[in-house]
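An overview of the molecular structure
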Amino acid sequence: MGKVAIIGVGQSPFVRQYPGSIRELAFEAFKDAMVDARLTTEQIDASVVCSAPEYDKQRSPAGVFAEYLGLNPQPTFYVETLCSSSSTGLRLAYSLVASGLHDVVAVLGFQKMSEISSSESQERMGRGADIQWESPFGTMMPAYYAMYAQAHMATYGTSPDDLALIRVKAATYGQINELAVYRKPVTFDMFTDPESRMTGPVASPLRVGDCCANADGSSCVIVASEEKARAWCDKPVWILGLGAATASVNLAGRDLFTGLAVAKEAARQAYGMAGVGPADIDVAEVHDCFTIAELMAYENLGFAQPGEGPELIRSKATYKEGEIPVNVDGGLLSKGHPIGATGGSQIRTIVLQLRGEAGDMQVRDPAIGLVHNIGGVGLYGNVTILGR
Amino acid sequence: MAKRELDTRFSKFGTVSFTATTKVNDFIDHLEDGRVTGTRCAGCGTRFFPPRSDCFKCLDSEMEWFDVSGTGKLVTYSRLQYAPVGFEGDLPYCIALLDYGDYKVFGRIADSVAAEDIQVGMAMKTVVNRLENGQLNYVFEKAE
Ligand SMILES: [Zn+2]
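Quick notes on the rules
Residues numbered from 1 in each chain as written. Chains lettered and ligands numbered in written order. Predicted model: local features only at pLDDT ≥ 70, side-chain atom pairs only at ≥ 80, totals over all residues. Heavy atoms only, no water. Helix = DSSP H or I, 4+ residues; strand = E, 2+ residues; numbered from the N terminus. Buried < 20%, exposed > 50% of the residue type's maximum accessible area, 1.4 Å probe, protein only. Areas by Shrake-Rupley, 256 points an atom, 1.4 Å probe, with all protein chains shown as cover. Lys, Arg positive; Asp, Glu negative; His and termini not counted. Charge placed at Lys NZ, Arg CZ, Asp CG, Glu CD. Contact = heavy atoms within 4.5 Å. Pairing = 2+ DSSP bridges. Domains from an automatic or database assignment. Buried area = accessible area lost by both parts, 1.4 Å probe. Salt bridge = Lys/Arg side-chain N within 4 Å of Asp/Glu carboxyl O. Polar contact = N/O pair within 3.5 Å; in protein donor to acceptor, adjacent residues only side chain to side chain. Nonpolar A, V, L, I, M, F, W, Y, C, P; charged D, E, K, R; others polar. Axes fitted to C-alpha atoms, helices over the stretch in contact; angles between N-to-C directions. Donors = N, O, S within 2.8 Å, 3.2 Å for Na, K, Ca; no water. Expected span 1.5 Å × (residues − 1). Arc of directions from axis to C-beta.

Quick look at the overall build of chain B now. Summing up its helical and strand segments, chain B has one helix and eight strands in all. Overall, the C-alpha framework of chain B stretches about 55 × 40 × 25 Å when taken along its three principal axes. When the 144 residues of chain B are sorted by exposure, 44% land in the buried category. Surface accessibility of chain B: about 7400 Å² in total, with carbon and sulfur atoms responsible for 45%. Seen as two clouds, the 17 positive and the 21 negative side-chain charges of chain B have centres 3 Å apart.

In structure tokens, the structure reads:
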């Protein structure tokens, strides 16, 4: 099987309310990636469209986008694994290219969350869990992650202050990411001020400052065979490892509550396929939909031992200059989390890092990068390892 | 010809139910009787909570009911101060998970348990609860 590369990446600005339709939103990331890859539409053999359903009136958006983006008559597919939809799209694109069925595949992620209200959105996301047995109790994403935070605190003595440090780091980089929705500074003091918006209650022990914002946005990743990548691209970034896993949708069916079993399993697969370990990773993007999610990712990816994640943020090891820089683009906490677009945005950040094109966010000379993208509350786990 | 009536008993489960019909609708009758029940596979003996009508281990669909009884250990919980659509009237409330050893139970902590009394690891029991809107669920109380 030949190698598979990423030859183009694109992203729309992530915004609170996109002033256009979903096909127009998709066009923004697609154009950005096509310009980046210097391709024309007839060079794209197939497209994969990724989002979480039930936000748009439009059913089957893939066919609609194919027309709007000039990708007729090439085939298109819709894939969905909630917040990790576009990492799943990348996995599908990889297999389409590695199998020899297609040479060049565009992975388009999008979400226009502002189509519905924030509490409706919480209700939709809550129904990404077990609607028969859990949703009738009034569940929502922050509360599920809060249960993991509570377990981590009870088991390891992690504190709300540790979580606050993660948000402070995210904001450090969100301020310099022009595509991020949240660009204001966040200081640790704001988390000790009961008047600050950061300390507003949501679901204990998580507070407003621990949660990422909804956003509208799109992302695009163009995947190509080794032959096309070498012919068309000066700086191909190679897909070295892919891992994907699932877990019980109902928390009652799980055993681990201080971390996500799907992340551990997906990481094991991706490290194995790439033939590398945690110490080889130079820069990482992890799924920080909530601060606790980043902390657990440190441990589940092997950057820290179980229970020692807080030490990484306290020592600033995950800052840009640290031993293992994580989310130096602001992460979901600052960029915003347009569900279907998120994985593609994370992949874009690592591709730019590996090419040395990340601007003010650039980490020093990275060779191997990692993307950790979770769907639902640890329902789907995806880990992707990329290299120069 | 008279249309056969759909058995929609499960729409009584929780503040807002998103499921009307399931093969384990008898679960609702058990709640009415003050029992919280799971299923045990007649083929291999595996106990399931929440109850299932099919066993993925031996692919058997012959199930027996058992009562959730005794005490479980509080694995984790969260107190919500913001709710999804349809649950605003219940605020604030705690969702939680109890570990009974063989199985775990996801639900709510009873409003009667004071916030400062809740500790991960504490022993709790599962009891049936009738909500103000006439719906049924179950909640966790402190085990004495
Ligand atoms: Zn069985």
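Read on, since the account is not over.
On to the side chain of A:Asp162. Residue and element names in this part refer to chain A. Along the polypeptide, Asp-162 turns up in helix H6 (residues 160-174). Overall, the relative accessible area of 4% leaves Asp-162 in the buried class. If sequence neighbours within four positions are ignored, Asp-162 has contacts with Pro-310, Ile-313 and Arg-314.

A word on the sheet that holds strand S2 (residues 47-48) of chain B. Residues and elements named next belong to chain B. Across the sheet, three strands lie side by side as S2-S1-S3; this open sheet has antiparallel pairing. The outermost strands of the open sheet, each flanked by one partner alone, are S2 and strand S3 (63-67). Of the strand pairs in this sheet, strand S1 (residues 37-41) and S2 are connected by two bridges, and their pairing is antiparallel. Along S2, the bridge assignment pairs Arg-40 with Arg-47.

Our next topic: the domain arrangement of chain B. Residues and elements named next belong to chain B. As far as domains go, chain B holds domain 1 (9-67) and domain 2 (72-142). The C-alpha-based centres of domain 1 and domain 2 are spaced at 19 Å. At the interface, 19 residues of domain 1 touch 19 residues of domain 2. With both chains or domains summed, domain 1 and domain 2 bury close to 1500 Å², and 60% of this area falls on carbon and sulfur atoms. The largest share of the area that domain 1 buries against domain 2 comes from Lys-12, Thr-15 and Phe-49, three residues that together contribute 41% of it. Seen at the junction of domain 1 and domain 2, the total is two salt bridges. The partner of Arg-47 in a salt bridge is Asp-102, and the shortest N-O contact between them spans 3.2 Å. Across the domain 1-domain 2 interface, the total number found is nine residue pairs in polar contact (both at pLDDT 80 or more). Counting only elements with at least two residues in the side of domain 1 that touches domain 2, the list comes to helix H1 (26-32) and S3. It is H1 that provides the largest number of residues to the side of domain 1 that touches domain 2, a total of four residues. Taken together, the residues of the side of domain 1 that touches domain 2 break down into nine nonpolar, five polar and five charged.

What follows covers the sheet that holds strand S3 (residues 76-79) of chain A. All names here are of chain A. Across the sheet, nine strands lie side by side as S3-S2-S4-S7-S1-S8-S11-S10-S9; this open sheet has mixed pairing. Across the chains shown, the open sheet's two edge strands, defined by having one partner strand only, are S3 and strand S9 (283-285). Across the sheet, the axes of successive neighbouring strands diverge by a mean angle of 25°, strand direction being ignored. Where strand S1 (residues 4-11) and strand S7 (residues 216-225) come together, seven bridges link them in antiparallel fashion. From the neighbouring strand, Val-9 faces S7, where its bridge partner is Val-221.

With that out of the way, let us pick up the environment of A:Ala267. Among the secondary structure elements, A:Ala267 is positioned in helix H8 (residues 261-274). For A:Ala267 and A:Val371, which are 104 residues apart along the polypeptide, the C-alpha to C-alpha distance reads 9.7 Å.

This part is about the coordination of the zinc ion. By definition of the ideal shapes, a tetrahedral metal site with four donors has angles of 109.5 degrees and an octahedral site with six donors has angles of 90 or 180 degrees. Residues and elements named next belong to chain B. Taken together, Cys-41 (SG), Cys-44 (SG), Cys-55 (SG) and Cys-58 (SG) make up the protein donors of the zinc ion, found 2.3 to 2.4 Å from the metal. All donor residues of the zinc ion come from one chain, and their arrangement in sequence is C-x2-C-x10-C-x2-C. Here Cys-41, found in strand S1, pairs with Cys-58, found in the loop between S2 and S3; they are 17 residues apart in sequence, far enough to count as distant.

All names here are of chain A. In this model, H8 (14 residues) spans 20 Å end to end at C-alpha, consistent with the 20 Å of a helix rising 1.5 Å per residue. Those residues of H8 lying buried are Val-262, Ala-263, Ala-266, Ala-267, Ala-270, Tyr-271 and Ala-274. Down the axis, H8 shows its buried residues gathered within 150° of arc, on one side only. Turned more than 90 degrees from where H8 packs its buried face, Arg-268 and Gly-272 sit exposed. At its buried positions, H8 is contacted by strand S8 (237-246), helix H9 (291-300), strand S10 (368-375) and strand S11 (380-387). Positive phi appears at Gly-275, one or two residues downstream of H8, with a value of about 70°.

Residue and element names in this part refer to chain A. Residue position: Lys-235 is located in the loop between helix H7 (226-232) and S8. Sequence spacing of Lys-235 and Met-140 is 95 residues, and the spatial spacing of their C-alpha atoms is 42 Å. Contacts of Lys-235, omitting those with residues within four sequence positions, involve Arg-355 and Glu-357. One polar contact links the side chain of Lys-235 to the main-chain carbonyl oxygen of Arg-355, over a distance of 3.2 Å. A polar contact of 3.3 Å, which involves the side chain of Lys-235, links it to the side chain of Glu-357.

Now for the side chain of A:Thr199. Residues and elements named next belong to chain A. The topology assignment puts Thr-199 in the loop between H6 and strand S5 (201-203). Here Thr-199 falls in the buried class, since its relative accessible area comes to 14%. From its side chain, Thr-199 meets the backbone oxygen of Asp-193 in a polar contact 2.9 Å long.

Chain B puts 38 residues into the contact, and the matching count from chain A is 33 residues. At the boundary of chain B with chain A, total buried surface from both sides reaches about 3000 Å², with 70% on carbon and sulfur atoms. Contact with chain A buries surface across chain B, with B:Phe18, B:Tyr82 and B:Phe106 losing the most and accounting together for 23% of the total. There are one salt bridge connecting chain B and chain A. With a shortest N-O distance of 3.1 Å, A:Asp255 and B:Lys104 are connected by a salt bridge. The interface formed by chain B and chain A includes 12 residue pairs in polar contact (both at pLDDT 80 or more). Sorting elements by how many residues they give to the side of chain B that touches chain A places strand S4 (residues 72-80) of chain B first, with six residues. Residues belonging to the side of chain B that touches chain A are distributed by class as follows: 25 nonpolar, 10 polar and three charged.

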